[in-house]
Amino acid sequence: MDTLRGRAETLKLARLLDVEPQRLAFLEELPTDDVRLFRESAVAALFDEDPALLDRIAGVTKILPAAVAAGIAQKALGPRLAAALAGRLEPARAADIIDKLPVDFTARCCHHVDPRRIAGIMGRLDDDIVVRIALVLAERGDHLTMGRFVGHLRDSALKSILPQLTETTLLRTGFVIDHPERLGHIVELLDDQRISAVIEAAADHDLWPEAIAVASMAAGEQRARIASLTAAQPEVRLDSLIRATAGQDLWESLLPIVSLLSEDELRAVAALPALRDPAVLGGLVHGVVATGLWGDFLPLVRVLPPSARRVVAGVAGALDDAGLDALARGVDKEDLWDLVLPLIELMSDAARERVLALRAFQERPSG
């Protein structure tokens, strides 16, 4: 799901550099891992600047009572410098001072804190403080800052926070989470009714890209669970998902999720009006050619209505030589001939001859 990961990384970097995301939109065309590494380098450059000064302030802070240090942080330093200072203190000492600060001020500091220091500090804060900070951030719509912190929260805090967040907040925060490996566990803490409500919110608020990204990051059993609950949604919502995917060319992210559906669920998706639209089907075929996701795509083709299968066959048969070769090599690599042969039968005579002439087709295993 590089397209969606690229968007999220660009948003995070824009926040870090305090610029409008549109100014960095060109980065979405670069490899996502490269952008992430650049962001991590930028963190080091920004937060390691003039550490000696911060260390001197931290040294003075250590000898003051926590309440006094908190008062100085609030009245003399402000959120940005206070956050930088917290990154130079021992986590336990930073937690003691945070305990004495107003939650609203601490929430403003969270925007500026060194991401590398979050885990140590969060692990020493009481759940009550963590919950109150999270709710202030949610009220402000500061999903990027929430995304930095949520991966470090204990289950005890998460269980108090999650029921109090709106479905759109869950989607927007999950989209920019800094530790996606934790997302599956967070989804596990939500019951089916809540996940269904989140899916409904994705449809109602044009947040399908965020929902797809969250489902993709919630790997394994939780991804399959999200897929199944999505397939159970009313046709109008599912149709909006397909059209949003087509409009933003997100097939690379959606198809691996669709492939997790049961046969009956897959048939329900295949019957959607959007998947009878030649423009949608054409974009889908070209998306699969570009990504090589034939193993995820062909089982869906097999259960499409006959008219839709003919459209897919026509688009596939009209591919240029490079596209047809990519199709044949992808099918051969995953041994998907049984799924693709019925599609070839629906092609025009000229297209079928081109496919039959391909080396990969001629060398396929017989029977």
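Small disclaimer: the values here were computed from a predicted structure and weren't measured.

Colleague: Before we move on, can you summarise the overall build of the protein chain with the specific residues and values?
Modeller: Within the protein chain one finds 25 helices and 0 strands. Looking at the protein chain as a whole, 48% of its 367 residues are labelled buried. Of the roughly 17,500 Å² that the protein chain leaves accessible, carbon and sulfur atoms contribute 53%.

Colleague: How would you explain the pattern of salt bridges if you had to name every residue and give the values?
Modeller: Per the counting criterion, the structure on display carries 21 salt bridges. Put simply, Asp33 and Arg5 hold a salt bridge, and the shortest N to O gap is 2.7 Å. With Asp33 in helix H2 (residues 32-47) and Arg5 in helix H1 (residues 2-17), the pair connects residues that are 28 residues apart, well separated along the chain. Looking at Asp33, the relative accessible area reads 39%, which means it is partly exposed.

Colleague: Now, about unusual backbone geometry: what can you tell me, with residues and values included?
Modeller: A negative phi angle is the norm for most residues apart from glycine, just as the trans form is the norm for most peptide bonds. Notably, Asp206 is not glycine yet its phi reads approximately 55 degrees, a positive angle. Looking at where Asp206 falls in the secondary structure, it is placed in the loop between helix H13 (192-204) and helix H14 (208-217). Here the phi dihedral of Asp335 falls at roughly 55 degrees; this positive angle occurs in a residue that is not glycine. Along the chain, Asp335 turns up in the loop between helix H22 (321-333) and helix H23 (337-345). Of the residues examined, Asp335 reaches a relative accessible area of 54% and is grouped as exposed.

Colleague: Can you lay out the packing of helix H11 (residues 167-175) against H13 for me, pointing to particular residues and giving the numbers?
Modeller: Viewed as axis vectors pointing N to C, H11 and H13 meet at an angle of 80 degrees, and their least axial separation amounts to 8 Å. Judged by the inter-axis angle, H11 sits roughly perpendicular to H13. Judged by residue contacts, Glu167, Thr168, Leu170 and Leu171 of H11 engage Arg194, Ala197, Val198, Ala201 and Ala202 from H13. Residues that form the contact of H11 with H13 fall into these classes: 6 nonpolar, 1 polar and 2 charged.

Here is what the cut-offs are and how they apply
- Residues numbered from 1 in each chain as written.
- Predicted model: local features only at pLDDT ≥ 70, side-chain atom pairs only at ≥ 80, totals over all residues.
- Heavy atoms only, no water.
- Helix = DSSP H or I, 4+ residues; strand = E, 2+ residues; numbered from the N terminus.
- Buried < 20%, exposed > 50% of the residue type's maximum accessible area, 1.4 Å probe, protein only.
- Areas by Shrake-Rupley, 256 points an atom, 1.4 Å probe, with all protein chains shown as cover.
- Salt bridge = Lys/Arg side-chain N within 4 Å of Asp/Glu carboxyl O.
- Axes fitted to C-alpha atoms, helices over the stretch in contact; angles between N-to-C directions.
- Parallel < 35°, antiparallel > 145°, perpendicular 65-115°, else oblique.
- Contact = heavy atoms within 4.5 Å.
- Nonpolar A, V, L, I, M, F, W, Y, C, P; charged D, E, K, R; others polar.

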